Amino acid sequence: MNFFLELLVGGLTKGGIYALIALGYTMVYGIIALINFAHGEIYMIGAFTGLIASLFFSSLGLTGWALLALVIMVAALWAAMYGLTLEKIAYAPLRKASRLSPLISAIGASIFLQNFVLLTQTPNYLLFPDLASDLPGLSFLKPIAHLASPIQVCVIVMVALILAVLTFILKKTWTGLAMRAVSQDPLMAQLTGINLNKVIARTFILGSVLAAIGGVLIGCATRQIDSNIGFLAGLKAFTAAVLGGVGSAPGAVLGALILGFAESFTAGYFSGDFEDVVAFVLLTLILTIKPSGLLGQKIAQKV
Amino acid sequence: MTCSSPRRIVSAFASVLALLAFSAFFLINQGSLALAKEEGKFRLGFGGALLGNLASYGLSNRYGLEYAVIDQNKKGGLLGSQIEIVAQDDSCNPAQAAAAATKLLSSGVKFVMGHTCSGATRSALSAYGNNALVISSSATDNNLTDSGQHPYFFRTTPRDDIQTKIQIALIRKKNYKKIAILHDKGDYGQALAESIRQLAQADPGREVVVFEGINSGQVSFDAIISKIKETQAEVLVWGGYYNDAAKLVTQARRKNVNVPLIGPDGLYDPRFIVLAADAAEGTYCTGQVDHSQSALAMEAIKDHRSRYYTQDIGTYFFYAAGAAQSLFAALETVGQKAIDQTLAERKAAAEKAAKEKTPNQPPAAPVEPPRIEEVNLDFKAVKQFLNEKVVETVMGPVRYDAKGDIIGEGYKLFQIQNGKFVEVPMSNHLNL
């Protein structure tokens, strides 16, 4: 029973990690229907910035919540600038091109960023400090460390928080309304006075902030980063987003959790060799039955 | 519109011209490439990871090779020809390694030092076939020489099965009954894991409770760590490189799973201690013998540091230098014979021509001995030399057995104590 519980929590953590990245992925897709392959790289840049910031602030003597919050803020700010620049350079000039062009541009941007960090930072693996390990207020977790460590709790709480804030922004604020309008019909939205470029820029900033939060928290959880982490994480997050229905935020979380549980239980009860096999068979099955994903809405094709 | 419309003809003519221009450019390019091969230089290939996450391994090999080449060139090169390194990166990726091998072959290289990782080496060897003689200084997979498919492959690094013999000796000494074995599904890691599993299962009373491959670079190893705990394994044996091992052991310690970790030479890298920090304490790993204490070796390190101020020499420096020096010795002997033979042939031809000469022809130019890069170096003769002769190198005496493995090299057992690799003295029953 305890073993089952451990696998459950392990799956929850893994799912939470995938969800952190998948949320930003799916949000950008939902609004401008662009599969932003460079999202994983923004996450990687967030993690690198987080590492540099955490070394800087901890050398100033900061600890605990203040350190974690400040590191996340710096990483989010830096990643947001990258996201915005990326949008201006790689996607904005292609807004009127066919749908394939921005996709290729996104792949190019992803490869560029990965090698940029590799060449300008380091090709080595780096140790990421566990900023959550001695957070005051989370010490009650000590006796159940084998089940849930502080960082795992932080990841899950953050996923819930992001989901709530994202829903609030999209449903209750003017920016959210504009974003939804753009996602439904860009031309009509412009006719009502919405500045398309502004809305898309905000979408990218929001997506990059989410990626950077993921970068810092996942860095704390895995304790290791390198210039390559964005690729695998981006792939898994993309899978999770597709599983849940691309464009749906709750769907991304659901898809990520299903992926996490599938991998965790397969590794636990069968073998780590089959982890990916089972996860992707599941993906194929679900998409065969429900092609738009679990919570995805079928959009009528305009002719 | 008919075919004979003037527009069509013009465009057809233009495309033919364009094609001609392109092919002319191509020919010129080829010609310039051929010219670029400098006279009086012997080209020696290097294949390995110079970029990417495992570049620290490849660079160490490269540094050792550079030292050996510069040292040899100072002494006059190979029979008067200076040696030039032609390097190709493979990033330890098998697909890139095959491409690198093809590139090296097409640039006229016949002798290659490399590659860095076992998987990449296996793939490169298939691409070389019998067209190049290859000496690796870091590929440890048993199968590379055991398979017998690559008669012209040699290595100066000791093989994996020596490592697993040390590991099983440690397991026996500590009397661990339940063993968990994990690997990274790569050529190097999986081969090690399979080999330790066979040894462990052969022991009565010992049980392999977990044997699995894990996905390298994963975000969380929680499930497999829970499993190790659930099966009450007493020891975890890892087959793979240091990065995943560091992640694995950090996450295990965080979950209060404190089984000791035993790893191969992939862990014998200071970066492992940096990455795993406190979690690395107590970890055992097998590692290469320290070659840096001899006078020759110290000279080599000094020479290297005079060229690279901040660079560390890494794990494979001496294996790479030793490999190159053994090859140079073989090439000098085999090359001299080939040169003598070609010279004799040329002289005979010149004499024959002189006899048939009519009085009106100008006198023939004197016969010059060929250079080593011009003669055909017989791989069989080189192999025979490497198998029979002991060459004194910077890593000590080097000789290879018939399969191509170095004779007399071994591993040592280390334990990480207070953030340092400390050698564990092997008592008699641990001695191999």
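For the structure itself, look to the data block above.
Nothing here was measured: the structure is a model prediction, and the numbers come from that model. (Residues numbered from 1 in each chain as written. Chains lettered and ligands numbered in written order. Predicted model: local features only at pLDDT ≥ 70, side-chain atom pairs only at ≥ 80, totals over all residues. Heavy atoms only, no water.)

Colleague: Give me the sheet that holds strand E1 (residues 41-48) of chain B: which residues, what numbers.
Modeller: All names here are of chain B. Spatial ordering of the open sheet is given by E2-E1-E3-E4-E5, a layout of five strands whose pairing is parallel. Strand pairing shows two members of the sheet lacking a second neighbour, strand E2 (82-89) and strand E5 (153-155), which therefore form its edges. Sheet twist, expressed as the average angle between the axes of neighbouring strands with direction ignored, equals 25°. Inspection of the sheet shows E1 paired to strand E3 (residues 111-114) by three bridges, in the parallel sense. Its bridge partner lying in E3, Gly-45 is registered against Val-112. Against the sheet, helix H2 (residues 55-74) touches E1, E2 and E3, its axis set at about 170° to E2. (Pairing = 2+ DSSP bridges. Helix = DSSP H or I, 4+ residues; strand = E, 2+ residues; numbered from the N terminus. Axes fitted to C-alpha atoms, helices over the stretch in contact; angles between N-to-C directions. Contact = heavy atoms within 4.5 Å.)

Colleague: Report on the interface of chain B and chain A, specifying residues and quantitative values.
Modeller: Contacts between chain B and chain A engage 30 residues on the former and 37 residues on the latter. Between chain B and chain A, the buried area comes to about 3000 Å², and carbon and sulfur atoms account for 49% of it. When the area that chain B buries against chain A is broken down by residue, the three leading residues are Asn-53, Val-219 and Arg-254 of chain B, summing to 23%. Here chain B and chain A share two salt bridges between them. A salt bridge links Asp-130 of chain A to Arg-254 of chain B; the nearest nitrogen and oxygen atoms lie 3.6 Å apart. Counting across the interface, chain B meets chain A through 15 residue pairs in polar contact (both at pLDDT 80 or more). Listed by contribution, the elements that provide at least two residues to the side of chain B that touches chain A are strand E7 (207-213), helix H8 (222-230), helix H9 (242-254) and helix H10 (270-276) of chain B. (Buried area = accessible area lost by both parts, 1.4 Å probe. Salt bridge = Lys/Arg side-chain N within 4 Å of Asp/Glu carboxyl O. Polar contact = N/O pair within 3.5 Å; in protein donor to acceptor, adjacent residues only side chain to side chain.)

Colleague: Outline the state of the cysteines, listing residues and values.
Modeller: Evaluated as defined, the whole model comprises one disulfide over all chains. The disulfide that involves Cys-92 of chain B links it to Cys-117 of chain B, with 2.0 Å between the sulfurs. Judged by the sign of its S-S torsion, about 70°, the cystine formed by Cys-92 of chain B and Cys-117 of chain B is right-handed. Pair noted here: Cys-92 of chain B is in the loop between E2 and helix H3 (94-106) and Cys-117 of chain B is in the loop between E3 and helix H4 (118-128), with a separation of 25 residues, a long-range link. For the pair shown, Cys-92 of chain B and Cys-117 of chain B are each scored as buried. Residue Cys-154 of chain A stays outside any disulfide, its sulfur separated by 8.0 Å from that of Cys-220 of chain A, the closest cysteine. A relative accessible area of 11% means that Cys-154 of chain A is categorised as buried. Cys-285 of chain B takes part in no disulfide bond, and the closest cysteine sulfur, belonging to Cys-117 of chain B, lies 17 Å away. (Disulfide = S-S within 2.5 Å. Buried < 20%, exposed > 50% of the residue type's maximum accessible area, 1.4 Å probe, protein only.)

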